[in-house]
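Here is what each chain is made of, one letter per residue.
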Amino acid sequence: MNESNDFDVVVVGGGIAGLTAASRAAEQGLRVALLERGTDERYLCNSRYSGGVIHLAFHNVKEPPEALFEVIKDATAGNADPALARALATTSGRAVDWLQQQGAKFIRVGNIVWQQWVLAPPRPITPGLDWRGRGPDLTLRTLAANLEKRGGKMLRNMPATALMQQAGRCTGVEATNAEGVHHFKARAVILADGGFQGNAELVRQHISAAPEKLKQRGAGTGVGDGLRMAQALGAHVTEAKYFYGHMLSRDAFTNDKVWPYPQLDELGTVGIVVNTAGERFVDEGLGGVYVANVIAKLENPLAAWAIFDEAIWEGPGRTARIPANPNYAKAGGTILKANSFQELAVQTGIPAERLELTIGAYNAALSAARLDTLNPPRTSTKLQPLPLSKPPYYAVPLCAGITYTFGGIATDEHGRVRRPGGAPIDGLYAIGVTTGGLEGGTGCGYVGGLIRGVVFGLRAAEQIAQERR
Ligand SMILES: Cc1cc2nc3c(=O)[nH]c(=O)nc-3n(C[C@H](O)[C@H](O)[C@H](O)COP(=O)(O)OP(=O)(O)OC[C@H]3O[C@@H](n4cnc5c(N)ncnc54)[C@H](O)[C@@H]3O)c2cc1C
């Protein structure tokens, strides 16, 4: 079947970014269509799976813009494009106001700054996936309903496959499904397809030589279509080596109760992470997102263990929002336990002598406050390491859980897709985690996927409406 449709804006992808942009564009009187690959009414996407915590680098999104700008710079070690960082910092407060006006409900789940804006009802404190009827699910449905009320079209089972172009300008989208090829003409196209973590070839090219050994810690629906389509029109792609993710149990490949929560970051970043030879290979003090990235880049990403003791298991192991202790053990996750490191080594198959040397060196450096002498050194400014001294001792088999890719399509602060020299591609926008330039860098800086989606969804829609006027 061939179809011809003419719109002001066509949005590709119905996660939080795409639905925000489509809804806001329709609110401004534009004729909008949103194309979504998913077929179910509650199609899967990372936005629907999410914890619904709207934060900016774990700060309150309503803090003054100047302060938030510094927070982003700090979280990304200066890697964030200043124009994107400023846009995020200045629009994040308005983003939650707008969501509230649309009917999204928020709840404060605690007194910590990042806990102030959580989509309600919040996710329960339980392991495994649990998204039905939770805040993110309800918010997506509210935004989709608003879009349709405002005359916008929401088309599921409509995977975008190519961009239409004329004289270097993007003029629409081609989508292909079982019924055939459909053409949607548009004055502006917004790509919001959610990254490339679900595309093994692209992950191999940019992130890990063994993509099959990374656990999709999300819906896996971001398969790089936006990136491919934008590149075909000459878009610049930012550095794409890093991803947002966490340390998960290796059991996540076979036990759905141990992902996406509990993540095991607290265990490995307060204790130590070793390979199957019993050697440390990563600066655990740089945090769980960083460690997950280093594990992903190992020749064998399934060869890492978190080693910790009773004090860590009973301390930091219990303090996360969805803590490993007791959730991980209750969910049937593998946790090896022994009264000596020698015994623990036998259980894990790690050479005992080497493991004891590694732990001895770590404990000695910690008590002498000389963690910098370790190889690799251990940072202690972000996370306070603890000694491995209180039996029983524990080992958990790790893998890298990949949630979404940090790098992607280069844009300006209004979401306009940029060519390698910086000039925009007329008529083409990209928002949400299909874009790059904000998060990532060697420290794997994370600022928050939801707030990015809403902020740049609003900004792109408003820019298009302004140009239209
Ligand atoms: C378990 C989990 C917990 C999280 N918790 C939080 C949290 O608490 N706070 C936070 O800030 N972030 C969180 N995140 C991250 C956050 O959910 C994402 O970064 C964010 O939702 C991404 O939004 P998006 O709209 O860019 O992409 P997505 O939500 O992934 O949406 C992209 C959509 O595009 C569609 N699509 C893909 N290709 C095509 C195509 N060719 N044609 C048409 N449609 C297409 C997909 O089907 C999908 O529906 C979490 C993620 C996960 C998985």
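Since this is a predicted model, take the numbers as computed values, not measurements.

1. Brief notes about the overall build of the protein
For the protein, the helix and strand inventory stands at 14 helices and 16 strands. The C-alpha radius of gyration computed for the protein amounts to 23 Å, which stays within 12% of the reference 23 Å derived for 469 residues, consistent with globular compactness. With the principal axes as the frame, the protein shows a C-alpha extent of 70 × 40 × 40 Å. Burial analysis of the protein (469 residues in total) assigns 55% to the buried set. Here the contacts in the protein between residues at least 6 apart in sequence split such that 74% fall between residues at least 24 apart.

2. Some thoughts on the site of the ligand
Around the ligand, the surrounding shell holds 41 residues, and the nearest of these are Gly-13, Gly-15, Gly-194, Gly-432 and Gly-449. Of all the secondary-structure elements, those providing two or more residues to the shell around the ligand are α1 (16-27), α2 (46-49), β14 (393-405) and α14 (449-468). Partitioning the shell around the ligand into residue classes produces 17 nonpolar, 19 polar and 5 charged.

3. Looking at the nonpolar core
Val-9, Val-32, Ile-72, Val-189 and Ile-190 are the most contacted members of the largest nonpolar core, which totals 141 residues. Each of domain 1 (4-240 + 406-468) and domain 2 (243-402) contributes no fewer than three residues to this core. Those residues within four positions of Ile-72 in sequence are excluded, and the remaining contacts are Ala-57, Ala-80, Ala-85, Leu-88, Ala-89 and Val-447.

4. Some remarks on the domain arrangement of the protein
Each domain of the protein was delimited in the assignment, giving domain 1 (4-240 + 406-468) and domain 2 (243-402). Put simply, the middle of domain 1 and the middle of domain 2, counted by C-alpha atoms, are 33 Å apart. Each side of the interface is counted separately: domain 1 has 22 residues, and domain 2 has 32 residues. In terms of residue class, the side of domain 1 that touches domain 2 is built from 11 nonpolar, 7 polar and 4 charged.

5. A short note on unusual backbone geometry
Cis geometry is found at the peptide bond from Tyr-261 to Pro-262, where omega equals 0°. As for its placement among the helices and strands, Pro-262 is situated in the loop between β10 (243-249) and α8 (265-270). Of note, the bond from Asn-325 into Pro-326 is cis; its omega dihedral lies within 30 degrees of zero at 15°. Here Pro-326 shows up in helix α11 (residues 324-330).

6. Brief notes about helix α13 (residues 352-367)
Taking 1.5 Å per residue, 16 residues should reach 22 Å; α13 reaches 22 Å between its end C-alpha atoms and fits that length. What α13 keeps buried is the set Leu-355, Thr-358, Ile-359 and Tyr-362. Along the axis of α13, the buried residues cluster in a sector spanning 90°; they form a single face. Seen from the open side of α13, the exposed residues pointing more than 90 degrees away from its buried face are Glu-353, Gly-360 and Ser-367. As for α13, its buried residues are in contact with β11 (272-275), β12 (304-309) and α12 (341-348).

7. A word on the pairing of β12
The buried fraction of β12 is high, at 6 of 6 residues. Of the two faces of β12, the one carrying Ala-304, Ala-306 and Phe-308 and the one carrying Trp-305, Ile-307 and Asp-309 are both buried. The sheet contact formed by β12 and β14 spans 6 bridges and is antiparallel. Considered in β14, the bridge of Trp-305 is made with Pro-397.

8. Concerning the packing of α12 against α13
In contact at an axis separation of 9 Å, α12 and α13 are set at 130° when each is read in the N-to-C sense. In terms of their interaxial angle, α12 and α13 are classed as oblique. In this structure, α12 crosses over α13, and the sense of that crossing is right-handed. Taken together, the residues of α13 that come into contact with α12 (itself represented by Phe-341, Gln-342, Ala-345 and Val-346) are Ala-352, Leu-355, Glu-356 and Ile-359. Here the contact of α12 with α13 is built from residues that sort into 6 nonpolar, 1 polar and 1 charged.

9. Thoughts on the packing of α1 against helix α5 (residues 135-149)
Interaxial distance between α1 and α5 falls to 9 Å at its minimum, and their mutual angle equals 30°. Between α1 and α5, the interaxial angle falls into the category roughly parallel. Pair α1 / α5 crosses with left-handed handedness. Contacts from Ile-16, Leu-19, Thr-20, Ala-22, Ser-23 and Ala-26 in α1 reach Leu-140, Leu-143, Ala-144, Asn-146 and Leu-147 in α5. Residue classes in the contact of α1 with α5 are distributed as 8 nonpolar, 3 polar and no charged.

10. Regarding the pairing of strand β6 (residues 160-166)
Sheet analysis places β6 next to strand β7 (residues 169-177), joined by 6 bridges and oriented antiparallel. Following the sheet pairing, Ala-160 is matched in β7 by Ala-175. Between β6 and β7, which pair antiparallel and follow one another directly, the connecting turn spans 2 residues, one of which, Ala-167, has a positive phi of 50°.

11. Considering the environment of Asn-199
Structurally, the position occupied by Asn-199 is in the loop between β8 (180-191) and α6 (200-206). For the pair Asn-199 and Val-223, spaced 24 residues apart in the sequence, the C-alpha separation amounts to 4.6 Å. When neighbours within four sequence positions are excluded, Asn-199 is seen to be in contact with Val-223 and Gly-224.

Rules used throughout
Residues numbered from 1 in each chain as written. Predicted model: local features only at pLDDT ≥ 70, side-chain atom pairs only at ≥ 80, totals over all residues. Helix = DSSP H or I, 4+ residues; strand = E, 2+ residues; numbered from the N terminus. Rg over C-alpha atoms; globule rule 2.2 N^0.38 Å. Buried ≥ 20, exposed ≤ 12 C-beta atoms within 10 Å, placed from the backbone. Contact = placed C-beta atoms within 7 Å. Near = placed C-beta within 6 Å. Nonpolar A, V, L, I, M, F, W, Y, C, P; charged D, E, K, R; others polar. Core = buried A, V, L, I, M, F, W, Y, C linked by C-beta atoms within 7 Å. Domains from an automatic or database assignment. Expected span 1.5 Å × (residues − 1). Arc of directions from axis to C-beta. Pairing = 2+ DSSP bridges. Axes fitted to C-alpha atoms, helices over the stretch in contact; angles between N-to-C directions. Parallel < 35°, antiparallel > 145°, perpendicular 65-115°, else oblique. Left-handed = near helix turned anticlockwise from the far one by under 90°.

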